Each structure stands twice: as C-alpha cells, then as structure tokens.
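As a plain string of letters, each chain reads:
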Amino acid sequence: MTSSIEQAAQRSAAAAAAAAPVAAAPAPAPAVPPAPAVPAVAPATDRAPILRIAGAGKRFGGLQALSNVGLTILPGQIYGLIGPNGAGKTTFFNVITGLYQPDGGTFELAGKPYSPSAPHAVARAGIARTFQNIRLFGDMTVLENVMVGRHVRTRQAVLGAILRHRAAREEEAAIRARAQELLDFVGIGRFAGRTARHLSYGDQRRLEIARALATDPQLLALDEPAAGMNATEKLALRELLVKIRADGRTILLIEHDVKLMMGLCDRITVLDYGKVIAEGVPAEVQKNPAVIEAYLGAGH
Ligand SMILES: Nc1ncnc2c1ncn2[C@@H]1O[C@H](COP(=O)(O)OP(=O)(O)OP(=O)(O)O)[C@@H](O)[C@H]1O
Ligand SMILES: [Mg+2]
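Residues numbered from 1 in each chain as written. Chains lettered and ligands numbered in written order. Predicted model: local features only at pLDDT ≥ 70, side-chain atom pairs only at ≥ 80, totals over all residues.

**Some words on the overall build of the protein**
When its secondary structure is counted, the protein shows 11 helices and 10 strands. Classification of the 300 residues of the protein by burial places 42% in the buried group. Put simply, of all contacts in the protein between residues at least 6 apart along the chain, 72% involve residues at least 24 apart. (Helix = DSSP H or I, 4+ residues; strand = E, 2+ residues; numbered from the N terminus. Buried ≥ 20, exposed ≤ 12 C-beta atoms within 10 Å, placed from the backbone. Contact = placed C-beta atoms within 7 Å.)

**So, the sheet that holds strand 1 (residues 51–60)**
Strand order in the open sheet made by the four strands is 2-1-4-5, with antiparallel pairing throughout. On the outer flanks of this sheet lie strand 2 (63–73) and strand 5 (112–113), each paired with one strand and no other. Here strand 1 runs beside strand 4 (residues 104–109); their pairing, made up of five bridges, is antiparallel. Across the sheet, the residue bridging to Ile53 is Phe107, located in strand 4. (Pairing = 2+ DSSP bridges.)

**A few points about the packing of helix 4 (residues 142–150) against helix 7 (residues 201–213)**
Remark: helix 4 packs on helix 7, axes separated minimally by 7 Å, with the N-to-C direction vectors making an angle of 35°. Between helix 4 and helix 7 lies a crossing whose hand is right-handed. Contact with helix 4, carried on its side by Val142, Asn145, Val146, Val148 and Gly149, involves Leu207, Ala210, Arg211 and Ala212 of helix 7 and no other residues of that element. Per-class residue counts for the contact of helix 4 with helix 7 are six nonpolar, two polar and one charged. (Axes fitted to C-alpha atoms, helices over the stretch in contact; angles between N-to-C directions. Left-handed = near helix turned anticlockwise from the far one by under 90°. Nonpolar A, V, L, I, M, F, W, Y, C, P; charged D, E, K, R; others polar.)

**Remarks on the site of ligand 1**
Taken together, 13 residues lie near ligand 1, and Phe60, Asn85, Lys89, Thr90 and Thr91 sit nearest. Listed by contribution, the elements that provide at least two residues to the shell around ligand 1 are strand 2 and helix 2 (89–96). The greatest single-element share of the shell around ligand 1, amounting to three residues, is contributed by helix 2. A class-by-class count of the residues in the shell around ligand 1 yields five nonpolar, seven polar and one charged. (Near = placed C-beta within 6 Å.)

**Considerations on the pairing of strand 1**
With seven bridges joining them, strand 1 and strand 2 adopt antiparallel strand pairing. Counterpart to Ile53 in the pairing with strand 2 is Leu71. Between strand 1 and strand 2, which pair antiparallel one after the other, the connecting turn spans two residues, and Gly61 there sits at a positive phi close to 55°.

**Describing the sheet that holds strand 3 (residues 78–82)**
Reading across from one edge, 6-7-8-3-9-10 is the order of the six strands in this open sheet, with mixed pairing throughout. Looking at the sheet topology across the chains shown, the edges are occupied by strand 6 (127–129) and strand 10 (275–280). Direction aside, neighbouring strands of the sheet carry axes that sit 20° apart on average. Both strand 6 and strand 7 (residues 219–223) contribute to a ladder of three bridges, which runs parallel.

**Notes on the packing of helix 4 against helix 6 (residues 166–186)**
With their axes 9 Å apart at the nearest point, helix 4 and helix 6 run at an angle of 115° to one another. Classified by the angle their axes make, helix 4 and helix 6 are roughly perpendicular. Where helix 4 crosses over helix 6, the handedness of that crossing is right-handed. Side by side, helix 4 and helix 6 meet where Val142, Leu143, Val146, Met147 and Arg150 of the first sit next to Ile175, Arg176, Arg178, Ala179, Gln180, Leu182 and Leu183 of the second. Its residues assigned to classes, the contact of helix 4 with helix 6 comprises eight nonpolar, one polar and three charged. (Parallel < 35°, antiparallel > 145°, perpendicular 65-115°, else oblique.)

Have a look at this one:
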C-alpha cells in the first residue's frame, strides 16, 4: 500500500520538477517493478562521525531558512534529508559546503572541526556535492568536466599548465586516466569525448556525480540527483549510489522520491520550515505524524 507521505511527496516532487529548468526532456517512464529494499550496510560506529553538525542557522532577511539544524552521519551511511519544497534542504547543503555563511552552528568533519568557509576549502576537507540545478561546463567534453573536478586534488595543475614540466605532463595523464575510470564507474565512459550539454538529462546527473567523486570525497552530498529521471534511470541511480557506498564513501542525499529514499537510506532527517521535525530510520520517519502532516499540509 502506498503511504500518504509517499503520495504527498510524489505531488510535491511533481511540482518541483515542473518548476525546475531542465536541460533535456526526460524519457517517458516505462512500467518498472519496484526494486527490492537494499540491505543496509552496518556503519562503523567505532569511528568518528563523518559529519556532525549542531545548531546550524541561516537567515535571509526576514526568513529563518534554517533554525538550530543538526545531524550526525556515520561512516558508510546513506543519509537522507527530506522535506517539502522550501523546507531548507538546499540551504543546508549551501551552508555545509561554503556557499552560504551560516549564522551559527558547529561543524565537524571526520572528528575535526571544520569551518565551512570557501567551497574550495570544503572540497579539500573532503566534502563534494552536486547541485539541484545541474551545473556543468556545457561546452567542454564529458571527460574535461571530470578532469576539472580532479584538479582540486593535484599539486602541479596551475604552474604545470604554464611550464609543461614533465611532472606536470605525467600528472595530467594520471588525471585523464582517473577521470575516464570515474566515467566508466558511473556508467557513461563511452561518452567521454562528447560535449557535456549533448548528454541526456539522466547522464548529465551521472556526470555531475563523477565530477564530485573526482575530488576523492569522504562525504558525497547529492541535491536531488533523481529529479527529472524516469523509473529506469532511478533504478540505475539507486544501484550507482549503493556502489559508491560499497566503495567506502558516505552519502548525504536530498530527494523528493520518498519511495526511493525509504528503500535506500540508513537514516533520514526531515526538515520543515527550516527546522528538524523528525530523525530516525526510514520506517519510523514514515509513520511520524508530524512528517505526514508536513507533507499533506504543503499546499495540497
Ligand atoms: N539566497 C536566498 N535568498 C533568499 N531566500 C532564499 C535564498 N535561498 C533560499 N531561500 C529561501 O529559503 C527557503 C528554503 O529554500 P531551499 O532552497 O533551501 O528549500 P528546499 O528545501 O531545498 O526546497 P526544494 O525542495 O524546493 O528544493 C525558501 O523559502 C527559499 O525561498
Ligand atoms: Mg532544494
């Protein structure tokens, strides 16, 4: 039986998809049987949390977009962040990745305090993200888009481009090889030489994930990676996320498709009007009356 939160979330997602600018029309959704639940990988509890945030706030003029938001993500988890449109999910990503200065809060990455200052510093600290509205270099090739992501981890990049030292040339070759490997990993290796904007919508989202992985992140933060995807693409995405986790990474995921989230996430935090209204394993969160109310009350 489909729960009321799923139905409400589907309507919410449809509204968001209708409002979002799309680079290419998604293919029509074929009938695909629901995927079996993914067995949760037991997270390593003896290690420090990958991410621990407490008391994060963000105000835009008169709007309190985030209010005392906290969450703790353990290594190896797929952690979900859900909530109705405008709840503050993307703002939270922008705060933890340095795009917005928080008004307050404590921030810890792998047991060490970090200051979410500049996006580049955040990438070096070990967080990589994708964007709700795809941000690729449309006129560059698919491979080059991933190579750009890799440069954050290399030393020779800037000087080397000018001097063309042997070390720089070798590093460039290594970057190229690693970028191709990542494209193969996300399933679009055959499109390496294609111009990025000519990829299908679903493949552009995969390219964004490959580019984020190029920074070798401990935490991969994905803002609505399934938006605009059909059922087949969503299944492939789900498999990819499980593979990324099996590769030793931790994932923080924003997604409106509640069914996808319930089968995939180890834990979920629910935001509404900038506040945490629920946190727990998917089965608990799905039954939480405050969560059902937030979704049903979101203008529907
Ligand atoms: N730069 C900004 N300036 C002013 N207000 C903003 C800014 N960014 C976000 N907001 C507001 O903050 C609130 C939270 O927005 P946010 O984009 O974080 O929501 P969301 O949960 O990601 O929603 P959606 O599911 O629609 O993507 C909204 O009311 C939004 O209009
Ligand atoms: Mg958003």
